[in-house]
Amino acid sequence: MLLLQQMLVLFFYMGIGFVCGKKNIITDDVAKTFSWIVVNIANTALILSAGVSDTKTVTGKALATTFVVAIGVFFFLILLGYLLVPLLRVPAEDKGVFRVMTIFSNIGFMGFPVISAVYGEEALLYASIFLFPYNILIYTYGICAMKKENDGSGKMQWKKICNAGVIAGILSLICYLADVQVPSFVQTAVSGLSGLTAPLSMIVIGQSMVHIQIRDLITDVRLLIFSIIKLIVIPVCGILLLRIWIRDSMLLGVCLIMLATPVGSMTAMLAQQYDGDYMLASKGVSLTTILSVLTIPLVSAIVM
């Protein structure tokens, strides 16, 4: 019930963004500015909030286990990406888009706020570890998969991999494991900034949907089937498998959100930059985001 309530809150924020976008109160340029604030300030503060918290119960061994789990999860998703393409009879020109949509979810804009609200700040330490393989893969494998022809430009992009979120994750882990004591005003500032993440991120997502026709979403049968697999089948099967080896309920909850969140907005950005089908990727982001308001609580009720 708590997860459903949190998703309804996010959906409300998304609705505000959609209405403001329709009325041209929040333009594309304004949304781009909001997005920068979320990625580089608010979400960074959200990740840091776990490391500077006075409450410390997660062990170093648990964090190391999480890293191994994160690697396994992304390997699992890459394999599924290859299996889904022939299953859905995806045209050759769209194979890369579907593979990238399968692997990369919206863990920053949606995953982190949901995890923070449902499982608490300490769960963000688990979640931040997923950022390391995520960023490395999206700027290497993601680019190579999206490109129609590999001309060598899909090489490692260290400047983008070492972004604010990854740096914040490293600092948060150091502060947490070394038991660094920070002044109370720093904790208050970090907490205040982190509170911007959920409303601003969902307002940006809502605004982006003004460019998508609902009719185009509900009439794309292949995309609908993919969305059901992405949002329900994959997280349910994934958690049932992980439960064989993992007993930590908080880590399982984080894995659930990591697997159940909708297609990441970076998918559309990569498609636009590297000659993928930008409209297909945008539709995938929009459709899975709308459906996730219902599917995330549903999946949680099934497996947790």
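Residues numbered from 1 in each chain as written. Predicted model: local features only at pLDDT ≥ 70, side-chain atom pairs only at ≥ 80, totals over all residues. Heavy atoms only, no water.

Draft legend 1. Broad picture of the overall build of the protein chain. Helix and strand counts for the protein chain stand at 17 helices and zero strands. Relative to the compact-globule value of 19 Å for 304 residues, the protein chain shows a C-alpha radius of gyration of 18 Å, a close match. Of all 304 residues assigned to the protein chain, the portion counted as buried reaches 54%. Within the protein chain, contacts between residues at least 6 apart in sequence are counted, and of these 86% link residues at least 24 apart. A total accessible area of about 13,900 Å² is found for the protein chain, and carbon and sulfur atoms account for 67% of it. Both charge centroids of the protein chain, one from 19 positive and one from 15 negative side chains, sit 5 Å from each other. (Helix = DSSP H or I, 4+ residues; strand = E, 2+ residues; numbered from the N terminus. Rg over C-alpha atoms; globule rule 2.2 N^0.38 Å. Buried < 20%, exposed > 50% of the residue type's maximum accessible area, 1.4 Å probe, protein only. Contact = heavy atoms within 4.5 Å. Areas by Shrake-Rupley, 256 points an atom, 1.4 Å probe, with all protein chains shown as cover. Lys, Arg positive; Asp, Glu negative; His and termini not counted. Charge placed at Lys NZ, Arg CZ, Asp CG, Glu CD.)

Draft legend 2. Quick peek at the environment of Ile-26. Along the chain, the position of Ile-26 falls in the loop between α1 (2–22) and α2 (28–51). For Ile-26, a relative accessible area of 9% gives the class buried. Expressed as a C-alpha distance, the spacing of Ile-26 and Ile-16, which sit ten residues apart in the sequence, is 10.0 Å. Leaving out residues up to four positions away in the same chain, Ile-26 has contacts with Cys-20, Gly-21, Ala-31, Phe-34, Ile-203 and Gln-207.

Draft legend 3. Main features of the packing of aromatic side chains. Inspection of every chain in the model, using the stated rule, returns five aromatic pairs. Ring centres 5.4 Å apart and planes at 90 degrees place the aromatic pair Phe-98 and Phe-226 in the edge-to-face group. Here Phe-226 lies in helix α14 (residues 221–242) and Phe-98 lies in helix α4 (residues 95–103), a separation of 128 residues in the sequence. Given the relative accessible area of 1%, Phe-226 is considered buried. (Phe/Tyr/Trp six-rings, centres within 6.5 Å; stacked < 30°, edge-to-face > 60°.)

Draft legend 4. Up close: the pattern of salt bridges. A full pass over the atoms with the stated rule returns one salt bridge. Between Asp-220 and Lys-283 there is a salt bridge, with the nearest N and O atoms lying 3.2 Å from each other. Taken together, the residues span a long stretch of sequence, with Asp-220 in the loop between α13 (214–218) and α14 and Lys-283 in helix α17 (residues 278–303) at a distance of 63 residues. Considered together, Asp-220 and Lys-283 belong to a single accessibility category, that of buried residues. (Salt bridge = Lys/Arg side-chain N within 4 Å of Asp/Glu carboxyl O.)

Draft legend 5. Structural detail: a nonpolar patch on the surface. On the surface, Trp-36, Ile-41, Leu-193 and Leu-196 cluster together into a nonpolar patch covering about 360 Å² of accessible area. Locating Leu-196 in the fold gives a position in the loop between α11 (184–194) and α12 (197–208). Classification of Leu-196 by relative accessible area gives partly exposed; the value is 35%. (Patch = residues over 30% accessible without salt bridge, like charges linked within 9 Å, V, L, I, M, F, W, Y side chains within 5 Å.)

Draft legend 6. Looking closely at α12. In a regular helix each residue adds 1.5 Å, so twelve residues correspond to 16 Å; α12 covers 17 Å between its end C-alpha atoms and thus fits that length. Counting buried residues along α12, ten of its twelve residues qualify, which places the element largely inside the surrounding structure. Those residues of α12 that fall on the buried side of the exposure criterion are Thr-197, Ala-198, Leu-200, Ser-201, Met-202, Ile-203, Val-204, Ile-205, Gly-206 and Gln-207. Buried residues in α12 make contact with α1, α2, α5 (107–119), α11 and α17. (Expected span 1.5 Å × (residues − 1).)

Draft legend 7. Examining unusual backbone geometry more closely. Even without a glycine there, the phi angle at Asn-24 is positive, about 65 degrees. Here Asn-24 is to be found in the loop between α1 and α2. With a phi angle near 55 degrees, Arg-89 is a residue other than glycine that sits in the positive phi range. Mapped onto the elements, Arg-89 comes out in the loop between α3 (60–87) and α4.

Draft legend 8. Structural detail: the packing of helix α16 (residues 266–273) against α17. Interhelical geometry of α16 versus α17 gives an angle of 175 degrees and a closest axis separation of 8 Å. As judged from the angle between their axes, α16 and α17 are roughly antiparallel. Here α16 contributes Thr-267, Ala-268, Ala-271 and Gln-272 to the contact with α17, which in turn contributes Tyr-278, Ala-281 and Ser-282. Class assignment of the residues belonging to the contact of α16 with α17 gives a composition of four nonpolar, three polar and no charged. (Axes fitted to C-alpha atoms, helices over the stretch in contact; angles between N-to-C directions. Parallel < 35°, antiparallel > 145°, perpendicular 65-115°, else oblique. Nonpolar A, V, L, I, M, F, W, Y, C, P; charged D, E, K, R; others polar.)

Draft legend 9. Up close: the confidence of the model for the protein chain. Across the protein chain, the average pLDDT comes to 84, with 93% of residues at 70 or higher. Mean pLDDT values for the elements of the protein chain range from 62 in helix α9 (residues 158–161) up to 94 in α14. Counting interchain partners and residues more than four positions distant, the pLDDT-below-50 stretch residues 149–154 has eight contacts. (pLDDT = per-residue confidence, 0-100.)

Draft legend 10. Summary view of α1. Compared with an ideal rise of 1.5 Å per residue, which puts 21 residues at 30 Å, α1 spans 30 Å between its outermost C-alpha atoms and is within 8% of the ideal. Of all the residues in α1, the buried ones are Leu-3, Gln-6, Met-7, Leu-10, Met-14, Gly-17, Cys-20 and Gly-21. When α1 is viewed along its axis, its buried side chains cluster within an angular range of 140 degrees and face the same direction. Exposed and oriented more than 90 degrees from the buried face of α1 are Phe-12 and Lys-22. If you follow the buried residues of α1, they end up packed against α5, α12, α15 (249–260) and α17. Residue Asn-24 follows α1 closely and has a positive phi angle near 65 degrees. (Arc of directions from axis to C-beta.)

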